[in-house]
Amino acid sequence: WDEDILPDLESRTHDSRKRIMDKAGIKDHELRGILPIHPYAACVLKHISSSFASNQRSMFDFIKNNGNEDMHGFQWYMDNYGPFDESPFLTIDLLWAFFYDNGKNDLSINIRHILDRYASLSKQLNKEEQSVLKTVLLLQAISNSTGDSVEIFLPNERNLSYAYEGSHLDGGLAVKCAEKLVKDKVLYKRSFNDGSFL
């Protein structure tokens, strides 16, 4: 782990870790210490956990859910994915099942209102498009809850690229996927200010 796997995961998330360090004030050794949780997913995890009306979906519950297959928490991820997979990171979209599918009734209403759109928007989408749509909606929901005041949560091209750094949707593929969703009228892109996908 220390000699081969961790250095590879660190090199694949260099830019996203730097962005989270600069914008969220989290130290690099802390971000490296939580790999294979992607740095962007870690920030979303922290914020979405705080949006629950009760403690039923806390960060601790996500990490320590004892591998319950139905919960799709961190232990489930560890049982089903590994460092040699094409996409070795727990990315933002993989938070969806735990926090939305299994916990939407405890989400704050403003977050749930945005995430509820997935069911109608995701029909006929392939796996990558579904992944990107989940990420855009989670970023949008968190950004909306902060009054669009936290730059790293804006659902724009830059943050979408960082959110998939080191994964199979790296190298602009996540953004291309989002652009296709705009073309297909699943999402639209704000033409002013930050160019966010909505």
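Before reading on, note that the structure itself is shown above.
Below or above, wherever it landed, is the structure these notes cover.

Criteria and thresholds
Residues numbered from 1 in each chain as written. Predicted model: local features only at pLDDT ≥ 70, side-chain atom pairs only at ≥ 80, totals over all residues. Heavy atoms only, no water. Salt bridge = Lys/Arg side-chain N within 4 Å of Asp/Glu carboxyl O. Helix = DSSP H or I, 4+ residues; strand = E, 2+ residues; numbered from the N terminus. Buried < 20%, exposed > 50% of the residue type's maximum accessible area, 1.4 Å probe, protein only. Axes fitted to C-alpha atoms, helices over the stretch in contact; angles between N-to-C directions. Parallel < 35°, antiparallel > 145°, perpendicular 65-115°, else oblique. Contact = heavy atoms within 4.5 Å. Core = buried A, V, L, I, M, F, W, Y, C linked by side-chain atoms within 4.5 Å. Polar contact = N/O pair within 3.5 Å; in protein donor to acceptor, adjacent residues only side chain to side chain.

1. As for the pattern of salt bridges
When their charged atoms lie close together, side chains carrying opposite charge are able to pair.
Working step 1: As enumerated under the stated definition, the model contains twelve salt bridges in all.
Working step 2: Here arginine 32 ties to aspartate 28 by a salt bridge, and the two come within 2.7 Å at their closest N and O atoms. Residue arginine 32 and its partner aspartate 28 are located together in helix 3 (residues 28-33), separated by four residues, close to a single helical turn.
Working step 3: In this structure, aspartate 184 and lysine 180 form a salt bridge, with 2.6 Å as the shortest nitrogen-oxygen distance.
Working step 4: On the accessibility criterion, aspartate 184 (37% relative accessible area) is partly exposed.
Working step 5: Judged by relative accessible area, which is 40%, lysine 180 ranks as partly exposed.
Working step 6: The network of salt bridges with common partners includes Glu10, Arg17, Asp28 and Arg32.

2. Topic: unusual backbone geometry
Working step 1: Residue proline 36 is reached from leucine 35 by a cis peptide bond, and omega for that bond is 20°.
Working step 2: Within the fold, proline 36 resides in the loop between helix 3 and helix 4 (39-49).
Working step 3: Unusually for a residue other than glycine, glutamine 124 sits at a positive phi of about 70°.
Working step 4: Residue placement: glutamine 124 occurs in the loop between helix 9 (118-121) and helix 10 (127-145).
Working step 5: On the basis of relative accessibility, which here comes to 81%, the residue glutamine 124 falls in the exposed class.

3. Section: the packing of helix 10 against helix 12 (residues 173-183)
Working step 1: Taken N-terminus to C-terminus, the directions of helix 10 and helix 12 make an angle of 90°; their axes are 9 Å apart at the nearest point. Relative to helix 12, the element helix 10 is oriented roughly perpendicular. Along its contact with helix 10, which presents Glu128, Glu129, Val132 and Leu133, the element helix 12 presents Ala174, Cys177, Ala178, Lys180 and Leu181.

4. Brief notes about the nonpolar core
Working step 1: With 53 residues, the main nonpolar core has Leu90, Leu115, Val132, Leu133 and Leu160 as its most contacted residues.
Working step 2: Counting residues per element, the ones that place at least two in this core are helix 4, helix 6 (74-80), helix 7 (96-101), helix 8 (109-115), helix 9, helix 10, helix 11 (157-163) and helix 12.
Working step 3: In terms of residue count, the dominant contributor to this core is helix 10 (eight residues).
Working step 4: Not counting residues within four places of it along the chain, the set of residues in contact with leucine 133 comprises Tyr118, Leu121, Ser122, Leu125, Leu181, Val186 and Leu187.
Working step 5: Core analysis: the next-biggest nonpolar cluster, separate from the first, contains five residues, Leu6, Leu9, Leu35 and Phe89 among them.

5. A closer look at the environment of asparagine 144
Working step 1: Structurally, the position occupied by asparagine 144 is in helix 10.
Working step 2: Asparagine 144 sits in the partly exposed class, given a relative accessible area of 43%.
Working step 3: Once the C-alpha coordinates of asparagine 144 and tryptophan 96 are considered, the two residues, 48 residues apart in sequence, prove to be 17 Å apart.

6. Brief notes about the side chain of serine 143
Working step 1: The residue serine 143 is located in helix 10 in this model.
Working step 2: Its relative accessible area of 0% is what places serine 143 among the buried residues.
Working step 3: At a separation of 2.6 Å, a polar atom in the side chain of serine 143 contacts the side chain of aspartate 148.
Working step 4: Excluding residues within four positions of it along the chain, serine 143 makes contact with Asp148, Phe153, Leu154 and Pro155.

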